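Working through the structure, step by step
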Amino acid sequence: MPELTARDFRTLRFLLSAPKLSALPPANRPEIAFAGRSNAGKSSALNTLCEQGNLARTSKTPGRTQAINFFANERLRFADLPGYGFARVPPAIKAQWAALIEGYLAQRETLSGIVLIMDARRPLLDFDRQLIAWGGAYGLAFHLLLTKADKLSRNEQHKALRTTRAAVEGATAQLFSATKRIGVDEARTAISTLLAGDLEDPAEPTPD
Ligand code: GDP
């Protein structure tokens with residue numbers, strides 16, 4: 001079975017930004033979605049995994065209208081879902097985000113799995129759980145990335161991992177740090193596993 005290589009991550013480039021479901025790119029490549037609360041460290045994790053300093057933008061302005069950002073190469077796509085969870089965002093905007101994310105999860109037939117990025121110090125908050133529930137309802141597989149692990153002691157790291165694994169049945173979970181580059185290979189392997197069976201051989205890309 002073809003597996004992802006470091007090159008598959010390094011060659012991903014910004015494709016487009018979809019502010020609504022009608023603007024999604026055609027579903028013609030296997031796709032992995034990245035989700036997480038704003039400030040959880042999603043952009044940093046994507047940039048680290050893809051070895052690109054500024055693929056996903058870090059520290060975006062809170063509360064700004066958000067979109068699903070797509071990164072692509074000839075083999076696969078990453079969909080960077082809008083960050084959620086800013087306290088002062090008006091309910092109407094929150095509802096718009098929720099509708100975009102849920103609509104995407106519900107209808108995206110090329111979606112192979114979701115990487116849910118959470119601050120290892122505060123995993124599984126409200127919307128994280130909501131997302132897992134939606135994904136579960138659509139039969140989607142999750143990999144939980146507990147990032148900023150460098151901010152925890154070894155004991156705290158293990159506790160966070162244990163608690164998260166126990167709380168979410170059927171999902172895989174790991175510790176990660178963008179700053180200390182902890183868990184990069186493990187995350188790439190997990191993404192490969194989510195894609196397993198959906199990837200084409202790199203020598204035979206599907207036509208556009
Ligand atoms: P996003 O909103 O989820 O995309 O989060 P960002 O990637 O923009 O990160 C939010 C903040 O957390 C920034 O100040 C980052 O520098 C910091 N950050 C992200 N990842 C890590 C990490 O692994 N370790 C530490 N210590 N800080 C991180």
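Located above this text is the structure these notes cover.
Residues numbered from 1 in each chain as written. Predicted model: local features only at pLDDT ≥ 70, side-chain atom pairs only at ≥ 80, totals over all residues. Heavy atoms only, no water.

1. A short note on the pairing of strand β4 (residues 77-80)
Of the two faces of β4, the one lined by Arg77 and Ala79 and the one lined by Phe78 and Asp80 are each fully buried. Pairing of strand β2 (residues 31-36) with β4 involves four bridges; the strand directions are parallel. Paired with Phe34 across the strands is Asp80, a residue of β4. Sheet analysis places strand β3 (residues 68-72) next to β4, joined by four bridges and oriented antiparallel. Looking across to β4, one finds that Phe70 is bridged to Ala79. (Buried < 20%, exposed > 50% of the residue type's maximum accessible area, 1.4 Å probe, protein only. Helix = DSSP H or I, 4+ residues; strand = E, 2+ residues; numbered from the N terminus. Pairing = 2+ DSSP bridges.)

2. A few points about the packing of aromatic side chains
Going through the model one piece at a time under the given rule, you end up with six aromatic pairs. Aromatic pair Phe70 and Tyr104: ring centres 6.5 Å apart, planes at 65 degrees, arrangement edge-to-face. Here Phe70 is found in strand β3, whereas its partner Tyr104 is found in helix α3 (residues 91-107), with 34 residues between them in sequence. Assessed through its relative accessible area of 0%, Tyr104 is described here as buried. Ring centres 4.5 Å apart and planes at 55 degrees place the aromatic pair Tyr84 and Phe127 in the tilted group. Highlighted residues: Tyr84 in the loop between β4 and α3 and Phe127 in helix α4 (residues 126-137), separated in sequence by 43 residues. Judged on exposure class, the residue Tyr84 and its partner Phe127 are both buried. (Phe/Tyr/Trp six-rings, centres within 6.5 Å; stacked < 30°, edge-to-face > 60°.)

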